[in-house]
Number of protein chains: 2
Amino acid sequence: MGTDSGQDLGGTTRRQLLTRIGMLGGTAALYQAMTSMAHAAETQFAGPPKLSGAKPGASVIVLGAGLAGMLAAYELNKAGYAVKILEYQNRAGGRNWSLYGGDTYTELGGATQHVKFAPGNYLNPGPWRIPHHHRTLLHYCKAFGVALEPFIQFNHNAYAHNVDAFGGKPQRFKALAADFEGNVAELLGKAIDQKALDAQLTAEDRDRLKEALRDWGMLDKDMRYVKGLKSSGHRGYDRPPGGGVNGAPIPSEPFKLDDILNSRIWTNIAFFMNDEMQTTMFQPVGGMGMIGKAFARQVEPMLNYGAKVTRIRQDKKGVTVTYSDMNSSGTVKSGHADYVVCTIPLGILNQIDINVSPEMREAISAVPYSGQVKMGLEMKRRFWEEDAAIYGGHSFTSQDIALISYPNYNFFKDGPAVLLGAFANGLGAYRLAGMTPDERIEAALAQGAVFHPESYRKEFLSGASVAWSRVPWTLGCCARWSEEARKAHYQNLVAVNDRIVLAGEHASYVGCWMEGALLSSIDAITRLHKRASEA
Amino acid sequence: MGTDSGQDLGGTTRRQLLTRIGMLGGTAALYQAMTSMAHAAETQFAGPPKLSGAKPGASVIVLGAGLAGMLAAYELNKAGYAVKILEYQNRAGGRNWSLYGGDTYTELGGATQHVKFAPGNYLNPGPWRIPHHHRTLLHYCKAFGVALEPFIQFNHNAYAHNVDAFGGKPQRFKALAADFEGNVAELLGKAIDQKALDAQLTAEDRDRLKEALRDWGMLDKDMRYVKGLKSSGHRGYDRPPGGGVNGAPIPSEPFKLDDILNSRIWTNIAFFMNDEMQTTMFQPVGGMGMIGKAFARQVEPMLNYGAKVTRIRQDKKGVTVTYSDMNSSGTVKSGHADYVVCTIPLGILNQIDINVSPEMREAISAVPYSGQVKMGLEMKRRFWEEDAAIYGGHSFTSQDIALISYPNYNFFKDGPAVLLGAFANGLGAYRLAGMTPDERIEAALAQGAVFHPESYRKEFLSGASVAWSRVPWTLGCCARWSEEARKAHYQNLVAVNDRIVLAGEHASYVGCWMEGALLSSIDAITRLHKRASEA
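Model, not experiment: these values are computed from the prediction. Along every chain, residues carry numbers that run from 1 in the direction the sequence is written. Chains and ligands are labelled by the order in which they are written, letters from A for the one and numbers from 1 for the other. Confidence filtering applies because this is a predicted model: local features only for residues at pLDDT of at least 70, side-chain atom pairs given and counted only at 80 or more, and all residues used for totals across whole chains, interfaces and linings. As a rule here, side-chain values cover all heavy atoms of the structure and leave hydrogens and water aside.

Draft legend 1. Structural view of the sheet that holds strand 13 (residues 281–284) of chain A. Residues and elements named next belong to chain A. Only strands that DSSP links by at least two bridges are regarded as paired with each other. Under the DSSP-based scheme used, a helix requires at least four consecutive residues in state H or I and a strand at least two consecutive residues in state E, with every element numbered from the N terminus. On the basis of which strands lie adjacent, the open sheet formed by three strands has the order 7-13-8 and antiparallel pairing. Both outer strands of the open sheet, strand 7 (130–131) and strand 8 (148–151), are each paired with one neighbouring strand and no more. Sheet topology places strand 8 next to strand 13; four bridges connect them, and they run antiparallel. Looking at the pairing, Pro 150 lines up with Phe 282 of strand 13.

Draft legend 2. The pairing of strand 21 (residues 393–397) of chain A, seen in detail. Residue and element names in this part refer to chain A. Between buried and exposed lies partly exposed: a residue is buried under 20% and exposed over 50% of the maximum accessible area for its type, with that area taken using a 1.4 Å probe on protein chains only. Counting buried positions over the five residues of strand 21 gives five, a clear majority of the element. Residues Gly 393, Ser 395 and Thr 397 point to one face of strand 21 and His 394 and Phe 396 to the other, with burial holding for every one of them. Bridging between strand 9 (residues 159–161) and strand 21 involves two bridges; their strand directions are parallel. Residue pairing in the sheet places His 161 in a bridge with Thr 397 of strand 21.

Draft legend 3. Region of interest: the relation of the copies chain B and chain A. With an RMSD of 0.0 Å, the operation that places chain B on chain A is a rotation of 180° combined with a shift of 0.0 Å along the axis. This pairing of chains is accounted for by a two-fold axis. We call two residues in contact whenever any of their non-hydrogen atoms come within 4.5 Å of each other. The share of interface residues of chain B whose copies in chain A are also at the interface is 99%, consistent with both copies meeting through the same surface. Least-squares superposition aligns the copies on the C-alpha atoms of those residues with pLDDT at or above 70 in both.

Draft legend 4. Representation of the sheet that holds strand 15 (residues 307–315) of chain A. Residue and element names in this part refer to chain A. Strands sit in the order 17-16-15-19 across an open sheet of four strands; the sheet is mixed. The sheet terminates laterally at strand 17 (331–337) and strand 19 (353–354), the two strands that pair on one side only. Direction of pairing for strand 15 relative to strand 19: parallel, over a ladder of two bridges. What sits directly across from Ile 312, in strand 19, is Ile 354.

Draft legend 5. Up close: helix 16 (residues 514–534) of chain A. Here a helix's expected span is defined as the number of its residues, less one, multiplied by 1.5 Å. Helix length check: helix 16 of chain A, at 21 residues, gives a terminal C-alpha distance of 30 Å against a target of 30 Å (1.5 Å per residue), a fit within 8%. Burial analysis of helix 16 of chain A places 16 of its 21 residues in the buried class, which makes it a mostly covered element.

Draft legend 6. The pattern of salt bridges, seen in detail. Salt bridges are identified by distance alone: a Lys or Arg side-chain nitrogen within 4 Å of an Asp or Glu carboxyl oxygen. According to the stated counting rule, one finds 58 salt bridges over all chains in the structure shown. Here Arg 431 of chain A and Asp 400 of chain A are joined by a salt bridge, their closest N and O atoms 2.7 Å apart. Of the two residues, Arg 431 of chain A sits in helix 13 (residues 426–433) while Asp 400 of chain A sits in the loop between strand 21 and strand 22 (403–406), which places them 31 residues apart along the sequence. A salt bridge links Arg 527 of chain B to Asp 523 of chain B; the nearest nitrogen and oxygen atoms lie 2.8 Å apart. Of this pair, Arg 527 of chain B and Asp 523 of chain B both sit in helix 16 (residues 514–534), four residues apart, which is roughly one turn of the helix. A single burial state applies to Arg 527 of chain B and to Asp 523 of chain B, both of which are buried. It is possible to trace a salt-bridge network through shared partners that takes in Glu 204, Asp 205 and Arg 208 of chain A together with Asp 258 of chain B.

Draft legend 7. Just the environment of Phe 411 of chain B, in detail. Residue placement: Phe 411 of chain B occurs in the loop between strand 22 (403–406) and strand 23 (417–424). Phe 411 of chain B sits in the buried class, given a relative accessible area of 12%. Every residue in contact with Phe 411 of chain B, bar those within four places of it in the chain, is listed here: Pro 150 and Phe 282 of chain A together with Ile 152, Arg 382, Glu 385, Tyr 391 and Gly 392 of chain B.

Draft legend 8. The arrangement of the environment of Gly 145 of chain B in detail. Residue and element names in this part refer to chain B. Relative to the helices and strands, Gly 145 resides in the loop between helix 3 (135–143) and strand 8 (148–151). Judged by relative accessible area, Gly 145 falls into the exposed class, the value being 55%. With 145 residues separating them in the primary sequence, Gly 145 and Met 290 have C-alpha atoms 9.7 Å apart.

Draft legend 9. Just the confidence of the model for chain A, in detail. Residue and element names in this part refer to chain A. Here pLDDT means the predictor's own confidence in every residue, given as a number from 0 to 100. The predicted model of chain A averages 93 in pLDDT, with 92% of residues at 70 or higher. Within the model, pLDDT remains below 50 along residues 1–40, and this stretch shows 76 contacts once partners closer than five positions in the same chain are excluded. The ipTM assigned to the predicted complex is 0.92, against a pTM of 0.93.

Structural data, given as structure tokens:
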């Protein structure tokens, strides 16, 4: 790890040197060089692909108008290929998608929801936040004119709730985190004093570590984590500091270790240290779907909607894609091109007749998809801001909904606002997906009310839900590779198979993120272009 | 701590009950009730003061048009008092202040700076961030139409630098924090295994704590913090996850405990857990000075600029304030009113002839002021965003400048942007204040370049600095009460002294924050109004 840039290397800046190494030796050499120069590797993105010189008349059909597909189309078209995109829906963007008032959504099973949110409010059923190190996505957002605003990921003042702790009462994250750290610090200090770590630590390190524990854990001079202004300085006060005659603060009582352990607060603390969850994060102004719309504007002439692909056959002369045109009563049509970039989610692709190698076929069927459930709940007013001083961020719970998340736009505004009322995974998502949309909303209200009992039902206006296992065009949210499946199938999935290459978040190690879809797409088209150039 | 609201209490919501307790028993009773109801006490703000019924013809002179003074004027005027504000500067807002291109600032000693920033860019010499629990300030920002936007306080990807660690090389906060936590977790796990804590912990707690340490500290199955994908998931990778053929991540090597201790990273980790530094934070769109301007619009007719107060005399009939009108060649003038609310900073007030009690006089001279130095450096481009993926937040250093902070507005924008190049305290501030403005900029460039060596000087355009010990109208930044001074003098300072009451951040326990000034002002005028009503 290091600074963002280096000293002058004989008239060459580190940046220039790295660029040169990258051009000469490719990505692997570049990363080796960056690492040996202690450069913080933030991303595998090295700028947009520099493809050019497609053979005259060379053509590509891109399957799927999600971000991976549209990026492939955009860059291949720039390189000189004739490109056509076939998209099943009548909307580009794929899982990059926002639901607004007036929108209608029909899930598998036939339930249709009519979204009733006020103008400007939305639910992002799929992606909803952009890490600062997702440089590919940030690059194209800027290039395609997508305005971004901060996504408040980390909020000390939001709640954490575990049904097994504090009699089911939520507590503020800051208080639980402070108490967890205070207890850990006190216990480690005791262990040092009892000489339990003399084999591991020098005398000097023991002294420095004790100083660190005292400052970090807000311990008193005797290395105890106790009620007082010091610990309240992290966990919060019974009466906070104020002005005038009654200005003096009154400290709060720390929780007992047993309660802290029951809360499992460390899972939340660790969550925020997760590389993909670290601050600073962003979201598009107006909803995540703005990104899909911006990409679509770039590839507008290549887009063909309502195309349900049923068959993909390649031979020595090219690839033929057969599809039903859903906007023309299902008329069977076909397209032909030299190459295909297929970004269709694996659960759908697995049902399509495609002649690729047995290894790729096996890989396509080897990757399970997760089935998250997200819900938007529109409330009459921002009671979480007005009453609870919570501006953005998440309140986590051990219940099925997993969390509620507060909107990061229009802070302080009067009038209706949309909360994320659930972001369920695993068993919780399975249970919620099994309900009707109305039942889901009822469950989300019942569970989310634990955080704001006085207001949650009273202020509720309307809701919308997307259970990804019931989304007709993906049959799941995103690829969840196991370690074993990676070993057996990943390289077979991403390899160029004669005239066909797959792309999407499923063909990446950044699964479930837009960045994975884009990095996969760049890698896939770079290899396809190389293959096409050598053909 | 608890949820923001309570269950129904016999037909009365907790909010209603608390309001009633507050009205009957005052603030102290309210806080006792809130605490016993496990309500998270976020603030001493209980809504704007409800003053009314000033005696006909009753008058107040407010000294100082900072936030405390303008709020006092606004609320007392609403209550029926005839109010006049005397302000030394030709600008309202006081320390709530932004410097823009075209502004000129002359410090004590005579050095004048002409600010050259591009339109829209600014330096906030004084306050620059608003905690979510500063409810008084947030209330009036909304009431007076000040647009707020998120202030990125916490950025995992910013740097930490200590001259004694890593050969003087900065490291990313995330890597240092992850390694500190990983080492603490591993060591505490070892101590538990060595039965050093069997007296403190039950067997069940030991097991649960070990599980917690494993998850929180990213330890392997043998409870060791080692190089691997798990620890890299917090500290960052040598090659991060990507897409396609080379998508697999390559883990990074954790730092040695000795280096982590040298970095003193725990001070930064603890900083972010400080109650006043916790997320979510805000800033006004367009610069902090927008708040002072908004307050000024509310009290416009009462404002009198260029008034240098020299004498404040109270007797049985009222208070006479003598001042030089600096906008009229220093002509000596005087004003007379029934009461005075004095918000003049103590270092200035201490030099003014004022007949208050000996106890208040002593209190006025008992409180030292801090002398922070802040600097704005305009750079040609946002290299911290473009090259280092740092969007807002702070990079801390053990050098005099203490930190550099990245702008939280116009993210991703091309063209010049202003970094906070220093926020120095203590000895560092003393040294920087002793320099000429040009020397300060040179020092800030030399020290700040440690974070962005390739770009810092190359991209520099112009700078501005404010050394608060040299600010003519405050002679310091803000009050720094010692515990002893609090005991001896605080109540004497805030007590209504016949017809005079003091207000400002110095008359609060939220020193150096705008919230302290406002809470102090509300408390002071509430007591003054009571005294006036009883007179």
